[in-house]
Structures are given as C-alpha cells and as structure tokens.
There are 4 protein chains.
Amino acid sequence: MIPRYTRPEMAAIWSPETKFRIWFEIEAHAADKMAELGVIPAEAARVIWEKGGEAVFDVARIDAIEREVKHDVIAFLTHLAEIVGPEARFVHQGMTSSDVLDTCLSVQLARAADLLLAGIDRVRAALRKRAFEHKATLCVGRSHGIHAEPTTFGLKLASHYAEFSRARRRLEAARAEIAVCAISGAVGTFATVDPAVEAHVAEKLGLAVEPVSTQVIPRDRHAVFFAALGVIASSVERLAVEIRHLQRTEVLEAEEPFTEGQKGSSAMPHKRNPVLTENLTGLARLVRMCVIPAMENVALWHERDISHSSVERGIGPDATAHLDFALHRLAGIVENLVVYPERMQENLDRLGGLVHSQKVLLALTQAGLAREEAYRRVQRNAMAAWRGEGEFLANLKADKDVTDRLPPERLAALFDVGVSLRHVDTIFARVFDGA
Amino acid sequence: MIPRYTRPEMAAIWSPETKFRIWFEIEAHAADKMAELGVIPAEAARVIWEKGGEAVFDVARIDAIEREVKHDVIAFLTHLAEIVGPEARFVHQGMTSSDVLDTCLSVQLARAADLLLAGIDRVRAALRKRAFEHKATLCVGRSHGIHAEPTTFGLKLASHYAEFSRARRRLEAARAEIAVCAISGAVGTFATVDPAVEAHVAEKLGLAVEPVSTQVIPRDRHAVFFAALGVIASSVERLAVEIRHLQRTEVLEAEEPFTEGQKGSSAMPHKRNPVLTENLTGLARLVRMCVIPAMENVALWHERDISHSSVERGIGPDATAHLDFALHRLAGIVENLVVYPERMQENLDRLGGLVHSQKVLLALTQAGLAREEAYRRVQRNAMAAWRGEGEFLANLKADKDVTDRLPPERLAALFDVGVSLRHVDTIFARVFDGA
Amino acid sequence: MIPRYTRPEMAAIWSPETKFRIWFEIEAHAADKMAELGVIPAEAARVIWEKGGEAVFDVARIDAIEREVKHDVIAFLTHLAEIVGPEARFVHQGMTSSDVLDTCLSVQLARAADLLLAGIDRVRAALRKRAFEHKATLCVGRSHGIHAEPTTFGLKLASHYAEFSRARRRLEAARAEIAVCAISGAVGTFATVDPAVEAHVAEKLGLAVEPVSTQVIPRDRHAVFFAALGVIASSVERLAVEIRHLQRTEVLEAEEPFTEGQKGSSAMPHKRNPVLTENLTGLARLVRMCVIPAMENVALWHERDISHSSVERGIGPDATAHLDFALHRLAGIVENLVVYPERMQENLDRLGGLVHSQKVLLALTQAGLAREEAYRRVQRNAMAAWRGEGEFLANLKADKDVTDRLPPERLAALFDVGVSLRHVDTIFARVFDGA
Amino acid sequence: MIPRYTRPEMAAIWSPETKFRIWFEIEAHAADKMAELGVIPAEAARVIWEKGGEAVFDVARIDAIEREVKHDVIAFLTHLAEIVGPEARFVHQGMTSSDVLDTCLSVQLARAADLLLAGIDRVRAALRKRAFEHKATLCVGRSHGIHAEPTTFGLKLASHYAEFSRARRRLEAARAEIAVCAISGAVGTFATVDPAVEAHVAEKLGLAVEPVSTQVIPRDRHAVFFAALGVIASSVERLAVEIRHLQRTEVLEAEEPFTEGQKGSSAMPHKRNPVLTENLTGLARLVRMCVIPAMENVALWHERDISHSSVERGIGPDATAHLDFALHRLAGIVENLVVYPERMQENLDRLGGLVHSQKVLLALTQAGLAREEAYRRVQRNAMAAWRGEGEFLANLKADKDVTDRLPPERLAALFDVGVSLRHVDTIFARVFDGA
C-alpha cells in the first residue's frame, strides 16, 4: 500500500491490529462450538472471550516471538496464551494455521469489497447526477479521435455509469467468491475438528462454508476476486482517459477541478494539468498487475504450498487500497468536473457539418443510388470541405449529382442535430431505469 | 490458434466462413426489421435473404477487395452486393461497421463459451466418476510437498470437481457478459438506425441488448470474459500439476494414460513422462496471457478507437481454442488416469505413522498439557523417527513424558486412519449434492 | 501468427519446412563430427548429407507418424530413415530430442532477430530522414496534453530515433542470449555424445556453445529475448500514440498516409482515421503479452519439463511476427507521414505566448524576486490570458508588478522562440552522431 | 515494500530522507554549474551547499506543504527556501520538476542495482562453493520428473551458477540503461537551462547524460530495467523450485536449513517444510508482476504525462526490495543447504539401472541394429524392469535378441556411471573459468 494512494479506512482493514483481532475471533468462536460439542471445557471458551475479548494484542511482542519460531500463527497463539493463561491450551484445538489465516483473509477481502462497493456507488452517484445535468449538452462524438457524429455529454457519462453498474455486480459476485470460511484441519479432512465448528464460525463471521478445502481455501476464488478488481481498474482508466482527452489544450471541453493554491507546474505557471486522471491511469496499471500473480497462485502443490502467501501479503492490501483510492479520487473528479458546453458546441461546429455526412449518404441511397455511388458523391464533397474548399452543406447544394436526388431543403433538414439525438431519452431509460 | 492445440469444433467458430455467415445474418435480420419499419422496401429484405441465404461467400474475393479498400466490412458489403444485386443498397442502412463486427464477436464468443461449458462438464463428469471410484482409496495428504495427514484420492478429486463447478458458474456469468448485441450507429446514438432494429437482431441471435454503446460494445465485458478463461486455465493447471507430482518416479501414485506405440523419449526407452499434463501447464500460460491485453483494451479513446481489434483477432481465437483443447485433454487424462492404490498406501506408511502426530498432540493437550509442552514432547519423538531412530509410535510408547498422560493403548488408537477420514462422506455430500 | 499481421519472410522462418530443414542440418552436421571422431562410419555421414540434403521433407507424412508415436522428433527421424535408408541408424547417435529442438529454436529466433533488426533499421532510417527534414519545424511541446513550451517536430522524431537506437542495441544483446547451441544428451552431461559434436554444430550454425545445459537450453535466455521484444513493442506504441494524438481533429498536425481507394468508415465518408497507428497500439499489447509466459517458462522442474514447449509454439512465432509486421508498418507510416507545419504553428500560437511563461518567471527571479513571488505574478497574468482576458504579453506589460522588474522590451525579447530552440543542434549531434 | 521482505539497506534507498537528500544534491550541483556559467551568483551556490548540505530535511513539513500546493517538488523547494534563505530563489533556475525527479530516480535505481548485484554475487559465491563441494556427488537427473540419467549435484548447481552469472551481466546492462541524468527543462529543449548543467550534475552523480529527453527520461529505459529484474526473479524461482522438489518427503535429497526453535507447522510437529523456497516462489511472482506496468509506462503522451509516476512509486521500491530480499534469502539457503548424498545414491539406484538404457540403445545401433529395432529391444526389457519383473541388466543379459549383439560383459560395462560423467570437468571448466 503506497500511503499516498491509500485511504485510512482501507489501511485499517490490513493493519496487524485488525488481523490479530480477526484471528482471535475465529479462535474464540471456534472455542464456543468446541465447548458446546464437549471437546473443550465450557469454562475455557468463556475465559478465552473474557480475557482475549478486551485485550489489546501487542504487535511488537508477537513479531518478536515470530522471529524465534518463524511461524506467525504460533507466535500469535503464544502471545494469546500469555493473555488468556492456562486455558489457552484449549485454543486452536485440532485446527491448523490456515484455518485461521485463510478465514481471516476472507474477512479482510470481504470488508475491502464492501469499501470498494461504496466507492463504486459514489462514482455511480456522481455519474448519474452529471449525466442528467448534461443530458442535452451537445458535443461531438469521436471515433479514432476524429469527429464522427453529434452526441451529448450526458450520454458519454451514461455509458460510464452503465459500466460502473456492471462493475458493481461483478464485485458483488467476486465478494461472494471469497467470503468463505474453512476450518477443516491439516489436509481438509476434519480429522481433528468437527465440521460443526466451521459452520459456527462461518455463521458468526458472515461467511459461507467452503465445501471442500485442502488445508487452504482454493485460490481460484482469490484469482477471480483480483481479476474483478483488475477489470474495475480498467473501467476507472477508461473514464480517466476520456477526461484527459477532454482537457487537452486544443479540445478543452472539460477540466479536472483545480483547487486554490495548487500548482500545475514548477516551471510553467499557466498550466492546469489533468494530473489526477493521469494518476488514475497509473493506478489502474498498479491494480491490474495483481491479476496474473493471483492466477499463478492457483496451482499450489498437492494439498497446499505456501507460495501464495507472500504474493497475497502484497496484492491483498495493494490492489484493494489503490483501487479504493482511485474510486474516490475518480468520484471527486466527476462530482466537481468543470464542463465547458460552449467549447463543446464550438468543437462540434468545427467541421462545418461534416458530422452529418452519414445522414446524407443514407438519404442518397434511399433516393435510389447504389451505396458505392452515394458514398463517392458524399465523400467528394466531404473531402473538399475537409481541405477547406467550401462548407460541406454548401458543397452538396452545389453538386448537381447530389441535388438531382436530394433538393436543397431536404439536404438542410439532414443537418438538424435534433434528429441525431432523438433517442437519447430511450438510452437514458435503458441505463438508469434498467440498472 | 496453434493447430495442434485446437479442436475442429472451435476452429470452425473462428473461420472466415463462419464470420461472414454471421455478418450476413446480422445484416439480413436488420433488413427485416427495417422493412417492417418502412425504412427499406420489404422486397429488398426478401431478396437479401433469398440471394444471400444460400450464398457461399468467397473469402478470397472479399480479401482481395479489402486489400484495395482497406476496410473489412466494406469489402464484405461489396461482395454481398455482387451476390444480392441492386437491392444490396438497402443492406447496412444507417448502420456502422462495428454494429456488425461487435455483434458478430458476441456471437462467436458465446458459441465458444458453449463449447467451453461442454468441456468443463466433461471434466466434471470424469472427476465425479473417479472421485466416487476412489472415495476410500487412502493416500497421504501433502502440504509443502511434505507428508501431512491421511486423505483419500477421491477427496483430492472432489476438490477439483468443486473447483470446476465454480468454473462453470463463472463461465456462465462471463458468457452473459458478452452475449450482447449493439446496433446503434456511428457513436451509439441511433441517429440513423432505430433501436427496434437492434432489439430484433438481438432476439434472433439469442443476445441481450447493450443498454448503451458508443459505436462499440464496451470492452470491460470482454475483459471479464477473458479473465474468466484465465482463472479456468489456472484451475486446469492445478490439476495438471497434481498429476505431474503423482507421476514422479519417487511418488508414482498415478500415471497419465500411455497409448500403445507412444514413445516417451527418443533416448531413454524406459521413460513414461507426464507430457500431457506438462503440456496443460504450458497451455494455462498461453490462455492466461490473454487476460492483461483484454484489460488494456478497455480504455479506448472517446467513443472508440480500434486498438482492441488486432488484440481480439489474436486472443479471441487463441484463448478459447487453447482452453477448449486443454479441457478435453484434461478430461481424457482424468477418465483414463492410471491409479496405483498400493503405491499410495506404501507412501502413506512411509513415515511410520508420523502423519498421526497431530492427533497425539491434541490428545496430550486434552490430557492436560499446555500446548507448547505437548508440542515439544511430540516433536521430540517425531524428529527421532524422522531421523530413522525408531518408529514414531514405538518412540512415543517408550517416552515416559508421553505415557504418563496417554497409556499405550490410547496411543495406538490414535494411529487409526479411520478416525482421520470419518468426515469424507460429509464432504462428498457438500461437494456433489450441493453443486 | 495472425496472417494479416505477418510478413511472408517471418512466416517462412516458422514454417514446418524450415524447421525440418534445420533439424536435418543439425543432425547432419553432428554426423559429420561423429564420423570424424570415429563414432559412426564416415560413409554414413556422407550418405546422410547426400540423401537428406536434397530431400523435400514430407510434412504430412511426418505429422502422420507423429500421431502414432506422439513424439515429433522421433516422427521426423522415422521419416528421415525412409529417405536415407539403413545409414539412418547412425543419425541422432547419443543425442536427445532437445538437442535438436532447442538448437533449432535458437536458429529460428536468431533469424527472426535478424529480420527484426532490419525492421528497426528501417524505422530508424525513416525517423532520421524525417527528423532532419523537420529539424526546424516549430511546434508546441505538450506535457499532460497541455501546451508547455515550443519544440520542433524534428526534435520529437529525434527522441524516437534515439529510442529505436537503444532498441537495436537491446535486440542485438537479446539475440546473443538465444543464439546458443546445446548438444549434450539426456541430462546435459555428454554421457553419450562428445562435446566436440556440439562445438562443431554450433560453429556451422553460427551459434555459441551453451556452457551448461540440462537437456534443455535454460529458459532465462528466452525470457530475456521476449522481454526485449516487449520493450521494443512498447516503443512502437509510444510513437504510434504520438501520431494518433497529432491526427486528432482538433490537433491535426500530422496524418497517417491515406491511400487512394481506402475508406475511412463505412458510415462517415469524410473520416480519415489513424487506424494504422491504432493497430500498432493493439499489436504492442499482443507482443507484450508474451513476456510473462516466457518468464513463467524459466522454472522448469529439475533437468527439464516440457511445459515451455506449448508456450513457445505460440509466443515464438507470434511475438516475432507481430513485432516484425509492426516495425514495417511503423516505418511506412513515418516515411510517408503527412505533416502540416502551418497547423503546428497555428497550434503553437494558440495560447498567445503562454508557452513562454517560464522564461518570464526566470527573468523575474533573476531580476531579484523570490521564486514564489515571481511565480504568483506570472501565474496571475497567465491565468487571465487563459480565461480569455487579454493576451499574455500585453497583460504582463500592463502589470506594474512585472514591469517594475522587467521593462517591456525585455519582456518582448523573452517571447522569441529562437531562444527556446538554440540547443536543437546540440541535441541532434548527441542523438545522431553519438548513436 | 512489504517490510518482512525488505532489507534495511534497500529500504534506506527508498526513504523520503534519501530522496530529499538526492534532490538537494541535484539542485546544489546544478547551482554550482550555473554559478560557473554566470547564470546565478557564485555566492548563491555556496550558500545553498552550506545551508542545505548539513540540513536535515523535515519530511513532515514537506508533506504538509505538498498537501497545500499538491506538487512534491515545489513543496521541497519551498522547504529548502526556509532553510537556505533568500538565496533559494537561485535554486532550480530554469529547471523543471522532472529534471530533479527523474535524475533522482536514476540514482535510486542505480544504487538499488548495486545492492542487487551484490546479492547476485552472494548467490553465485554460494553456488560455486557448493558446486565444487558436490562436483562428484552422484544423483539422478530427472526430465519430466522421471528418472533419466545420472548427473551430479554439483552439476545441477553449476547450471544455476551459470544462470546467475548471466543474471549479473544482464543487471549490469540494465543498470547502465537507467543510470542517466536529464536536466533539460520543460520539454527537453534546454530552453532555460544550459546543457553544461546537465553534464556537470551527471558527472557528479556518476550518471551518463540522456542524449534527448522530453521533460522526462524516456521510459523504455525503465521498462528494460524492470524486465531484467523479472527475469532474475524467475531464475531465483527455478532454483527455489529445484530445492522444493528435492525436499519432498519421497525424494528428500536436500533440505533447507532449519533453525533451532523454528516450527514447521502449528499442527504437525514432525514437519520440516521448504517454506523459504516456497516463499521465494511467491516473491518471484511479486517481482515479475512489475514488468508489464513498466512497459505500459513507455507510451506517455507527447512530451510526457504523469501516469508513470504512481506506477513507479509502487514498482520501484517493491521490485528492487523484494528481489534483493529474495537473493539474500536464496544465498542463505544455498550456503546452508543440507544435502543427503546417500539418499541421492539410493534414489539413483531405485530403478535398478534403467537410467543406463540409452547407452544400451546406442551400443545396439552401433552393433548394427536399426534404431527402431534397438529401441524396441531395449524398451521391452526396460518396461519389464519398470513393472517389477526382474532387474534391467539381468533382463538384458537374458534376452537373446540383445546378447547376440552385445555380450554380457559389454552390457555390464555400459552400466558404469563413470562413463556417464566423464565430461563433468569439461562442463565445470566452461562454467567457472569462462564466467
């Protein structure tokens, strides 16, 4: 987790304090069920909760023990024994470290997913608001960076809204993939722990039961989770790149919010750079890079090896924290994006109506011309306008090969932008009512 | 698509013939609806189906046209006009190339997903059959490659079955992501085509309607699809690696089927190498490598750029074909895997009962010892056995610090493998009845 | 290899015919040395060359044999025996399949590298020519997409030239990494083949000897090779993205060559899209995706497993072919790039001199102002100009806080673009004379 | 940087204190040259060194300023001005932030490379020592995990030594790629700073001059650097996987060092798990994942965008720190690896001489049999031995089809392992004298 790209809420999920607290809860809930099953004394379970429930686990002390025993869970259990006293021998009965570690990771990833879902919702809310605000704000649609046909700025945002609505559904599914509990012993056979313990802990922690584990929760689940984050990061990037393009000097249809006191450049005082969205572009790469190692983690040897662990110590906090930060940064940008409708109109008018060429083409074919022939006649006049030789509409009106099929007034009507945008309401209904 | 790793069924989906046939169907279905809307003559739609419906599109001819016009859809439409005649001018009315290309890709990916689902089901069926066959076949469970505790070979397979059942659900979801149709014109505004056309084509092709497109179907959908393939490939790899390990000379608990006439090595005639599962390991890398470019494709510029296209020409066929091949290769291996239960038992017995050490540890703590102390007493005897100094059980029986807590007969009972595996039925029920 | 992105020269390197020809040469050269060492009869070596040297190997026949024996080298040797006759039993004496396969791959990769080097040189030649042509063509330099300070178009190209010169050196180094020969037998010990055979074959094929092999040539060599291709592809992408930006409607400082007959859009006849450079952007992703699997191939098990093989059947041809195609496409674009110097000047003038703000800032600090204070005074006037309130120079001249430090004529001199570009010759000398 | 996988020496390179110290040195060296050129007063340069040279930069203060101005270099310069006083206005004259940031990153990466080179050398020294120690320690070579032919443990290590020698050369080359200085102003034109300043700073910092920069040092250099780290990490993984395999219960030819007090498992006290090498396997994934984002960073927009920055804040420290840690962990493992030569011999003998089959095959062909026929006769006897039907040599001696070509004493001689290993000295000379 790069601190400057991490919000405190997410950092807290990955702190050692949180981790040890979750470990404790897993052990203590398990003890409850074991006591109920008669495996350990009921008194032991009570003492564990009593002493451990209010304890502040000493991270430095646990680290010191780990340096000796070279095993993190044993270090924690040793420290817990220092707190709980003799009853501590009933903790972790028949369990294996992974029962604790993997279930804890599930809890952390599920909580991280909840934060991310909130981040997505903030982005969606901002997009929805701005989309409706600019539903009728005309601008040019560009394919290949080249002016194509008119659209509205609200429609652009609606497209991103729909994408983040998909992101939400994907993340919900990904959360369900990893929100599982496994307490099944050394090779997943429940040889030394009753399946009822697993069921109890799962219920208490809001997790599902892993149907079959092999000491570890299978890593295909985590791979799916990180893949979902990678796709969402790519959706963040798409919107970031759109804004970067719109802020280019020659385009300047929108600008990132720029606060008082902020400096764009140490050298060039006039500059207002889209550094936030450029930053999001980089953060997308950082999140996406976690996908492949998560997939490489799947093929553990036999019932498990521990190669996944160091990977997850990295990508677990990193991918969730950086995506979380990116979502909130993006939401802030969208909420406060400075939009220049006049400039949008100016750019739209820039090609003098060339953006309506397809409608002319269609009208010519409907007036009886073969498509190829219609294409040639339109392109001829379009290219002339493109080269600065006359306005497109004027050129068309002066071209007998065109006007013998389409009278001037019919041509003019084809240049009405309202015609182009008559289905915007339909699309908005599909996006915002259907989502 | 590497031919040797491609099944003909999948190759057919990606052939130019199939592609042009789908293009035609999109255009012809669209024409039907346009005729119904009165945009083109009903007769035109009829002729398009009549002439094009039975036509064999000349791939070489289309390629030749494309070399001139440098545009694949225009090349196809030009060829179609050669077949359909003058009515061809009513084809593609108000549509843009991407309407055809993207919807076609959706159809191809959906068909590919159907083949992959069948492949997964074949793997699942094989795993289920062999899992029940070996439900009680004892073998050692290994963590870190080191003997841990007893399990059964059926339980190993059940774990993979559960993973492929998850794979199935993920692929179904991924299929739904990409099974969408967009016919929305140059920048997705329906400026020149009625939304009803899109709805009609979608229905005819078994697709959902893309709520908002921007000339193209947004690429987050495809990213999710390829990510799902990457995870499934990783699951293939996990099972492949398991089999490779089991076939190692020193382990030899199972072997890939080896056909008559097959040669293991040009140099060493005694060798039977797990080359099929090694191959699957490599194929997993080939599929997985398609994930990141699919994510890089998401952030297209404005309403679209075409950078995704060359990527998809590669990863579309490659990832689906190689995963499809891998699934069937894997299924064949599982169906015919040669299993050596005697060798499994032999390996299980190898450590002279050390695999039961955890049960001894537990019994000692339940007999009143602190966990740390119990651990030391067990490890002491285990390490001696490990070094070849006596059998583990004998050592324990000879250790007064152990026997003053656990009498010899109690110790012996702890070495009963039946105890370790009493929950196998439970797990099988969770996996096979719950899936 | 996607055919449309593969040049025939590169396809030929990866054809089965070429592969079998190289296999033959390895075997025949090896036989020569073995004959010299007295391991096989001199007559055998002679016959092998005589019969095999002019043979056309029957790919279909070899494939048919392979389907039976499931081993490609044995299939080839069997076919070779059909051609050579009884002396064939002296072929491949004491060698292992990998001796042939890996050495052949080295030859193919080295030949591919030679083609790629030629492609890089074509790009470099084009960049050099156009860089000198536009050495003094003024244009605006942009950071963050925002106008920064003046530069020249030639300088832009010089930067790319320098990058491709680095690419060349990297590829030469990468070529040396994989241009190695290994003929060392089953586990690399030369148990059954003399090291002199390896040395002889290496010399004949223009390869270095692998100092220590383990049946296979170690795959870190190949990983480095593919990583080099990935970086070069990224350099292709950088130039492609530059051109895409320059061709944007609002910028339009340069355009990809557009041939007669080419169609930009099936729908919008006026469009001239940068589809070639967008294509290069996609091809870069396709090449880059080969890097990680090549690295995953390194950690083979023990003396070797064959998981790398399927990967290399994909990435070997794909990465080299697509990069080769990309380099030539890029070279063609640069050679024929349409440049619009007037438009460059127009864009440069767009901000009315804001691009000179840093020189004003500097002059103010040198005139005694603290940097912070100077910054504020410049930014104030720059921001007004940016908002359309007056021209920047006029604003400065009207600002007493500025003019009390810098008299108007001094201010005007700071707006001379020649000052900004006085070191262009120096940079050109560093790039083109030093490379 | 995950703290548990980061050595303090590497952490220090990436600390804010180190960064600000390097920034200062860049500014102060630049001031020296500017003073010499008469651009700023000589006194200013002197005061900058005097006040700043001994200052401890207040990281918290700089962070506080940055939160306001949202620009890290401006924040540092503001803080520096607080320390240096009025002369601070002569700092950073005509420079741009990237001049400082990029040159600093070069220094940090070069220092990191030096640490990594030392780590590689420690690995190499350990490998060399253990390789000579076990030069004649017989063990079986395995291809596909299956016993192949005899080798020696020293030879295995020699192969890894050669690979790390290649790693060293690659890292030296990669270091040279990034050890460059750029001080060229806002768009790399030296509009406001003399090239002599750059040359001076470069010399003082031990860097080369970047021939042409565009505000930033081109990112293909960094991509190459991170790619080199990715390959080295993969080489670490190869050796780690070898050791993991050797430590498997059934193989047990070597073990990672296991310290007193260390615990293998919280549940199974007898276990000694190869957790260090499994950890290295995971760390390899963590390093490797930095390669693709570094390549994605290359294609910055025009003269630069800042998307690379967040990526580098992650991968710069992470990849270098984790690889550095991995190299030292690996070196420690190799230095103290517990090797079991008796077990190696035992495993070698396991197949009763099948590992010599290829020599029998060769002898038969040299005795006049066609290869195919010889293959059949050897395989027949090998397969019987494999199935437990007799010893391989005995089977051969009893097979008239064999003995009519090779008399029993000739057969026995073929089973001499010394023959197989007669070239070990040659290979050692190639590896250790040639490196």
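Residues numbered from 1 in each chain as written. Chains lettered and ligands numbered in written order. Predicted model: local features only at pLDDT ≥ 70, side-chain atom pairs only at ≥ 80, totals over all residues.

Let us now look at the overall build of chain A. Helix and strand counts for chain A stand at 20 helices and six strands. In summary, chain A has a C-alpha radius of gyration of 30 Å against a globular reference of 22 Å for 435 residues, an excess of more than 25%. Seen along its three principal axes, the alpha-carbon backbone of chain A occupies a region of about 100 × 50 × 35 Å. Looking at chain A as a whole, 65% of its 435 residues qualify as buried. Across chain A, every contact between residues at least 6 apart in sequence was considered, and the portion connecting residues at least 24 apart equals 74%. (Helix = DSSP H or I, 4+ residues; strand = E, 2+ residues; numbered from the N terminus. Rg over C-alpha atoms; globule rule 2.2 N^0.38 Å. Buried ≥ 20, exposed ≤ 12 C-beta atoms within 10 Å, placed from the backbone. Contact = placed C-beta atoms within 7 Å.)

Moving on, we get to the interface of chain C and chain D. In this complex, chain C contributes 74 residues to the contact, which on the side of chain D involves 72 residues. Considering each element in turn, the side of chain C that touches chain D owes the most residues, 13 residues, to helix α9 (residues 220-247) of chain C. Looking at side-chain class alone, the side of chain C that touches chain D contains 34 nonpolar, 23 polar and 17 charged residues. (Nonpolar A, V, L, I, M, F, W, Y, C, P; charged D, E, K, R; others polar.)

Our next topic: the pairing of strand β1 (residues 138-143) of chain C. Residues and elements named next belong to chain C. Taken across its six residues, β1 has six buried, putting it largely inside the fold. Where β1 and strand β2 (residues 146-152) come together, five bridges link them in antiparallel fashion. Counterpart to Leu138 in the pairing with β2 is Thr152. Here β1 hands over to β2 after two residues, with His144 in that stretch at a positive phi of 60°. (Pairing = 2+ DSSP bridges.)

Let's shift gears to the packing of helix α10 (residues 275-288) of chain B against helix α12 (residues 307-336) of chain C. Two elements in contact, α10 of chain B and α12 of chain C, have axes separated by 6 Å at closest approach and are oriented at 40°. When the interaxial angle is binned, α10 of chain B and α12 of chain C end up oblique. Every pair of crossing elements has a handedness; the one defined by α10 of chain B and α12 of chain C is right-handed. Only Ser307, His308, Ser309, Ser310, Val311 and Gly314 of chain C of α12 of chain C make contact with α10 of chain B, whose side of the interface consists of Glu278, Asn279, Thr281, Gly282, Leu283, Arg285 and Leu286 of chain B. (Axes fitted to C-alpha atoms, helices over the stretch in contact; angles between N-to-C directions. Parallel < 35°, antiparallel > 145°, perpendicular 65-115°, else oblique. Left-handed = near helix turned anticlockwise from the far one by under 90°.)

Residue and element names in this part refer to chain D. Counted residue by residue, helix α14 (residues 357-366) has nine buried out of 10 residues, so it is predominantly covered. Of the residues making up α14, those classed as buried are Ser357, Gln358, Lys359, Val360, Leu361, Leu362, Ala363, Leu364 and Thr365. On its buried side, α14 packs onto β2 (146-152), α15 (371-386), α16 (392-397) and α18 (408-414).

Residues and elements named next belong to chain A. Along its sequence, chain A is carved into domain 1 (95-257 + 268-345) and domain 2 (351-428). One C-alpha centre belongs to domain 1, the other to domain 2; they are set 44 Å apart. Contributing elements (two or more residues each) for the side of domain 1 that touches domain 2: β1 (138-143), β2 (146-152) and α7 (153-178). When its residues are assigned to classes, the side of domain 1 that touches domain 2 shows six nonpolar, two polar and two charged. (Domains from an automatic or database assignment.)

Next up on the list: the relation of the copies chain C and chain D. Superposing chain C onto chain D takes a rotation of 180° plus a shift of 0.0 Å along the axis, which leaves an RMSD of 0.0 Å. Such a turn and shift between the copies fits a two-fold axis. Identified as the residue of chain C closest to the rotation axis by C-alpha distance is Ala227 of chain C, at 3.1 Å. (Least-squares fit on C-alpha atoms with pLDDT ≥ 70 in both.)

Moving on: the relation of the copies chain A and chain B. Overlay of chain A on chain B (RMSD 0.0 Å): rotation 180°, translation along the axis 0.0 Å. Comparing interface residues between copies, 100% of those in chain A also sit at the interface in chain B, which points to an isologous, same-surface contact.

Another point: the environment of Arg376 of chain A. By the element assignment, Arg376 of chain A lies in helix α15 (residues 371-386). The exposure class of Arg376 of chain A is partly exposed, given the 13 C-beta atoms found within 10 Å.

With that out of the way, let us pick up unusual backbone geometry. Most peptide bonds adopt trans geometry, and most residues besides glycine take a negative phi value. Here the phi dihedral of Leu252 of chain A falls at roughly 45°; this positive angle occurs in a residue that is not glycine. Of the residues examined, Leu252 of chain A has 19 C-beta atoms within 10 Å and is grouped as partly exposed. For Gln215 of chain B, which is not a glycine, the phi torsion comes out positive at approximately 75°. Within the element layout of this structure, Gln215 of chain B appears in the loop between β4 (208-209) and α9 (220-247).

What follows deals with the interface of chain A and chain B. The interface is formed by 73 residues belonging to chain A together with 73 residues belonging to chain B. Top contributing element to the side of chain A that touches chain B by residue count: helix α9 (residues 220-247) of chain A, with 13 residues.

With that settled, consider the confidence of the model for chain A. For chain A, per-residue confidence averages 94 on the pLDDT scale, and residues scoring 70 or more make up 97% of the total. For this predicted complex, the interface confidence score (ipTM) comes to 0.95, while the overall pTM stands at 0.97. (pLDDT = per-residue confidence, 0-100.)

Now for the packing of α9 of chain B against helix α12 (residues 307-336) of chain B. Residues and elements named next belong to chain B. Relative orientation of the contacting elements α9 and α12 amounts to 30°, with a least axis distance of 10 Å. Put simply, α9 runs roughly parallel to α12. Remark: the crossing between α9 and α12 carries left-handed chirality. In this structure, α9 uses Phe226, Leu229, Ile232, Ala233, Val236, Leu239, Ala240 and Ile243 to contact α12, whose residues at the interface are Ile315, Ala319, Leu323, Ala326, Leu327, Leu330 and Ile333.

With that settled, the discussion passes to the UniProt feature "domain: Adenylosuccinate lyase C-terminal" (unreviewed entry) in chain A. On the UniProt side, "domain: Adenylosuccinate lyase C-terminal" (unreviewed entry) is annotated at positions that read residues 352-432 of chain A here. The span residues 352-432 of chain A is 69% helix and 0% strand, and its two end C-alpha atoms sit 33 Å from each other. (UniProt positions renumbered as here; feature names shortened; annotations may be inferred.)

Glancing now at helix α13 (residues 341-349) of chain D. Residue and element names in this part refer to chain D. When α13 is considered as a whole, its buried residues turn out to be Met344, Asn347 and Leu348. Buried residues of α13 fall within an arc of 105° about the axis and therefore sit on the same side. Exposed residues lying more than 90 degrees from the buried face of α13 are Glu342 and Asp349. (Arc of directions from axis to C-beta.)

Residue and element names in this part refer to chain C. Relative to the helices and strands, Ala88 resides in the loop between α5 (72-84) and α6 (97-133). You can call Ala88 buried: it has 24 C-beta atoms within 10 Å. Placed 16 residues apart in sequence, Ala88 and Asp72 show a C-alpha to C-alpha distance of 17 Å.

Turning to the environment of Val431 of chain C, a few remarks are in order. Residue and element names in this part refer to chain C. Counting through the fold element by element, Val431 comes out in helix α20 (residues 424-433). What makes Val431 buried here is the crowd of 23 C-beta atoms within 10 Å. C-alpha separation for the pair Val431 and Asp72, spaced 359 residues apart in sequence, amounts to 49 Å.

Attention now goes to the nonpolar core. In this structure, Leu330 of chain A, Leu330 of chain B, Leu330 of chain C together with Leu330 of chain D are the most contacted members of the largest nonpolar core, which totals 609 residues. When neighbours within four sequence positions are excluded, Leu330 of chain B is seen to be in contact with Val123, Val236, Leu239, Ala240 and Leu280 of chain B. (Core = buried A, V, L, I, M, F, W, Y, C linked by C-beta atoms within 7 Å.)

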